[in-house]
Amino acid sequence: NTLSRRKEEFVPLEEGKVKMYVCGPTVYNFIHIGNARPMIVFDTVRRYFEYKGYEVNYVSNFTDVDDKIIKKAIEEGVDAQTVSERYIAECKKDMEMMNVKPATVHPKATEEICGMQEMIETLIEKGHAYTAKDGTVYFRTKSFPEYGKLCHQPMEELQAGARISVGEVKEDPMDFAVWKAAKPGEPAWDTPWGSKGRPGWHIECSAMANKYLGKTIDIHSGGLDLIFPHHENEIAQSECANGCTF
């Protein structure tokens, strides 16, 4: 358990069942060995639970809207969906060749926008997020005192390494985008708060885990490189929106 830094006996939230979320790839190119490793490792974990008689609900997403996908689409002169659908198909082929079982569900970010917007609305209403002048919505990191508990770094140390990019209008350098304001030629969606744009990377997994597994789950996993900031930010968003331990 990365959070407790201990080996622990697994005790499910619901007897005989395992709710498991595994962060999947951003589909802008063929998967690499770093993408393949968690697929194989956590498929093995899932298969072991099934062998032990558990019913496993295994959710693994595809990030199909992202800066890298948009960049690739512009380079090729096609739309972003063309790029993402091509590499989702290639990823599934590679998974099959590696004998990795499909997930119970493979949600795509572009098909889960409503759930993300609902979570963002909740965060804004509770004071955990705010809309900047350019229409970008940022998570207010200081509103979550436990921020840094997964990577075991105090907020002060994390803040020392934070940077504000030119043009960003954050209240604090540590704040991160949950919704990015629309730019010309990019995929964009209307929002209840009036800021047309697309989701930030971190919010998608919080919304998908919430929809397909519930407000709190048994196992959340992914590559080591995702501990900070991706999984750290997921914990902050999920706990602030849902009002319970993620």
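For the structure itself, look to the data block above.
Bear in mind the structure is a predicted one, so any value in this text is a computation, not a measurement.

### Describing the overall build of the protein
Alright, step 1. A tally of helices and strands in the protein yields seven helices and seven strands.
Alright, step 2. Taking 18 Å as the expected radius of gyration for a compact globule of 246 residues, we find that the protein reaches 18 Å, a close match to that expectation.
Alright, step 3. Taken over 246 residues, the protein has a buried fraction of 48%.
Alright, step 4. Pairs at least 24 apart in sequence give 73% of the contacts found in the protein among residues at least 6 apart.
Alright, step 5. For the protein, the centre of its 30 positive side-chain charges and the centre of its 38 negative side-chain charges are spaced 2 Å apart.

### Quick word on unusual backbone geometry
Alright, step 1. With an omega of 5 degrees, the peptide bond between phenylalanine 228 and proline 229 qualifies as cis.
Alright, step 2. Relative to the helices and strands, proline 229 resides in helix H7 (residues 227-242).
Alright, step 3. The phi angle at arginine 5 is positive, at roughly 60 degrees, despite the residue not being glycine.
Alright, step 4. Summarising the element assignment, arginine 5 is placed in the segment before strand E1 (17-22).
Alright, step 5. The backbone of histidine 152 sits at a positive phi, close to 60 degrees, despite the residue not being glycine.

### Thoughts on the sheet that holds strand E3 (residues 129-131)
Alright, step 1. Reading across the sheet, the four strands line up as E3-E4-E5-E6 and stay open at both edges, with antiparallel pairing between neighbours. A strand with exactly one partner marks an edge of an open sheet, and here the two such strands are E3 and strand E6 (197-199). Here the strands of the sheet are splayed against their neighbours by 20 degrees on average, with no regard to which way each runs.
Alright, step 2. Where E3 meets strand E4 (residues 137-139), three bridges bridge the pair, whose relative direction is antiparallel. Considered in E4, the bridge of tyrosine 130 is made with tyrosine 138.

### Looking at the sheet that holds E1
Sheets are built from strands that pair by backbone hydrogen bonding, the pairs being arranged parallel or antiparallel.
Alright, step 1. Across the sheet, three strands lie side by side as E2-E1-E7; this open sheet has parallel pairing. Strand pairing shows two members of the sheet lacking a second neighbour, strand E2 (55-60) and strand E7 (219-221), which therefore form its edges. When the angles between neighbouring strand axes are averaged without regard to direction, this sheet yields 15 degrees.
Alright, step 2. Pairing analysis gives three bridges linking E1 to E7, with the strands arranged parallel. When the sheet's bridge partners are listed, valine 22 is paired in E7 with serine 221.

### Let's talk about the pattern of salt bridges
Alright, step 1. The tally for this structure, following the rule as stated, stands at 19 salt bridges.
Alright, step 2. The salt bridge partner of arginine 47 is aspartate 43, with a shortest N-O separation of 2.8 Å. With arginine 47 and aspartate 43 both in helix H1 (residues 33-51) and four residues apart, this pair spans about one turn of that helix.
Alright, step 3. Taking relative accessible area as the criterion, arginine 47 reaches 32% and is therefore assigned partly exposed.
Alright, step 4. Note that lysine 101 and glutamate 50 form a salt bridge whose closest N and O atoms lie 2.7 Å from each other. Taken as a pair, lysine 101 in the loop between helix H3 (80-97) and helix H4 (113-125) and glutamate 50 in helix H1 lie far apart in primary sequence, 51 residues in all.
Alright, step 5. Lysine 101 sits in the partly exposed class, given a relative accessible area of 28%.
Alright, step 6. The exposure class of glutamate 50 is partly exposed, given its relative accessible area of 32%.
Alright, step 7. Taken together, the shared-partner salt bridges connect Asp67, Lys180, Glu186 and Arg198 into one network.

### Re the nonpolar core
Alright, step 1. Ranked by size, the top nonpolar core spans 39 residues in total, and within it Tyr21, Leu123, Phe139 and Tyr147 carry the most contacts.
Alright, step 2. At the level of secondary structure, the elements contributing two or more residues to this core comprise H4, E4, helix H5 (155-160), strand E5 (176-181), helix H6 (201-212) and H7.
Alright, step 3. Met39, Phe62, Ala73 and Cys91 belong to the second largest nonpolar core, which has 13 residues in total.

### A short note on the side chain of glutamine 117
Alright, step 1. Here glutamine 117 lies in helix H4.
Alright, step 2. Judged by relative accessible area, which is 9%, glutamine 117 ranks as buried.
Alright, step 3. Leave out the neighbours within four places in its chain, and glutamine 117 touches Trp179, Trp189, Asp190, Thr191, Pro192 and Trp193.

Criteria and thresholds
- Residues numbered from 1 in each chain as written.
- Predicted model: local features only at pLDDT ≥ 70, side-chain atom pairs only at ≥ 80, totals over all residues.
- Heavy atoms only, no water.
- Helix = DSSP H or I, 4+ residues; strand = E, 2+ residues; numbered from the N terminus.
- Rg over C-alpha atoms; globule rule 2.2 N^0.38 Å.
- Buried < 20%, exposed > 50% of the residue type's maximum accessible area, 1.4 Å probe, protein only.
- Contact = heavy atoms within 4.5 Å.
- Lys, Arg positive; Asp, Glu negative; His and termini not counted.
- Charge placed at Lys NZ, Arg CZ, Asp CG, Glu CD.
- Pairing = 2+ DSSP bridges.
- Axes fitted to C-alpha atoms, helices over the stretch in contact; angles between N-to-C directions.
- Salt bridge = Lys/Arg side-chain N within 4 Å of Asp/Glu carboxyl O.
- Core = buried A, V, L, I, M, F, W, Y, C linked by side-chain atoms within 4.5 Å.

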